[in-house]
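Summary of structural features
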Amino acid sequence: MPKLKTKSGAKKRFKFTASGKVKAGVAGKRHRLISHNSKYIRQNRGTAVMSDADAKKIKSYMPYA
């Protein structure tokens, strides 16, 4: 059988926790931040754990992760 390829966009955007959950950066933090309030910006720092439905799709993009 040939090897499966990892989606190169997925390997740049997602990481896995030790328990197998998928982490990703929070959206809405690139530009137009002046129109968002401080609470929105503060709460969207760092990374977030993806939902189970999204994680299932992401795991199919990364067969060896």
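The rules we used
- Residues numbered from 1 in each chain as written.
- Predicted model: local features only at pLDDT ≥ 70, side-chain atom pairs only at ≥ 80, totals over all residues.
- Heavy atoms only, no water.
- Helix = DSSP H or I, 4+ residues; strand = E, 2+ residues; numbered from the N terminus.
- Rg over C-alpha atoms; globule rule 2.2 N^0.38 Å.
- Buried < 20%, exposed > 50% of the residue type's maximum accessible area, 1.4 Å probe, protein only.
- Contact = heavy atoms within 4.5 Å.
- Areas by Shrake-Rupley, 256 points an atom, 1.4 Å probe, with all protein chains shown as cover.
- Core = buried A, V, L, I, M, F, W, Y, C linked by side-chain atoms within 4.5 Å.
- Pairing = 2+ DSSP bridges.
- Axes fitted to C-alpha atoms, helices over the stretch in contact; angles between N-to-C directions.

**Things to note about the overall build of the protein chain**
Across its full length, the protein chain holds 3 helices and 3 strands. Going residue by residue from the N terminus, the α and β elements of the protein chain occur as α-β-β-α-β-α. Relative to the globule expectation of 11 Å for 65 residues, the C-alpha radius of gyration of the protein chain, 15 Å, shows a markedly less compact shape. Across its three principal directions, the C-alpha atoms of the protein chain cover 50 × 25 × 20 Å. Counting over 65 residues, the protein chain shows a buried share of 12%. Considering only intrachain contacts with a sequence separation of at least 6, the fraction spanning at least 24 residues in the protein chain is 53%. On the protein chain, roughly 5800 Å² of surface is accessible, and the fraction owed to carbon and sulfur atoms is 53%.

**What to know about the nonpolar core**
Counting 7 residues, the largest nonpolar core is built from Ala 10, Phe 14, Val 22, Ala 24, Ala 55, Ile 58 and Met 62. Taken together, the elements giving at least two residues each to this core come down to strand 2 (22-25) and helix 3 (52-61). Residues within four places of Phe 14 in sequence aside, it is in contact with Val 22, Lys 23, Ala 24, Met 50, Ile 58 and Met 62.

**Overview of the sheet that holds strand 3 (residues 47-49)**
In space, the 3 strands of this open sheet follow the order 1-2-3, with antiparallel pairing throughout. Edge strands, defined here as strands with exactly one partner in the open sheet, are strand 1 (14-16) and strand 3. Averaged over all pairs of adjacent strands, the angle between their axes in this sheet comes to 35°, without regard to strand direction. Here strand 2 runs beside strand 3; their pairing, made up of 3 bridges, is antiparallel. Following the sheet pairing, Gly 25 is matched in strand 3 by Thr 47.

**Brief notes about the environment of Gly 46**
By secondary structure assignment, the location of Gly 46 is in the loop between helix 2 (38-43) and strand 3. Judged by relative accessible area, which is 56%, Gly 46 ranks as exposed. Along the backbone, Gly 46 and Val 26 are 20 residues apart, and their C-alpha atoms lie at a distance of 7.0 Å.

**Here we look at the pairing of strand 2**
Where burial is concerned, the two faces of strand 2 differ: the one with Val 22 and Ala 24 is buried and the one with Lys 23 and Gly 25 is not. Where strand 1 lies against strand 2, 3 bridges are found, and the strand directions are antiparallel. Paired with Phe 14 across the bridge in strand 2 is Ala 24. If you look at the hairpin formed by strand 1 and strand 2, you'll find 5 residues sitting between the two strands, and Gly 20 has a positive phi there, around 100°.

**Examining the environment of His 31**
Within the element layout of this structure, His 31 appears in the loop between strand 2 and helix 2. Here the alpha-carbon distance between His 31 and Leu 4, two residues 27 residues apart in the chain, equals 36 Å.

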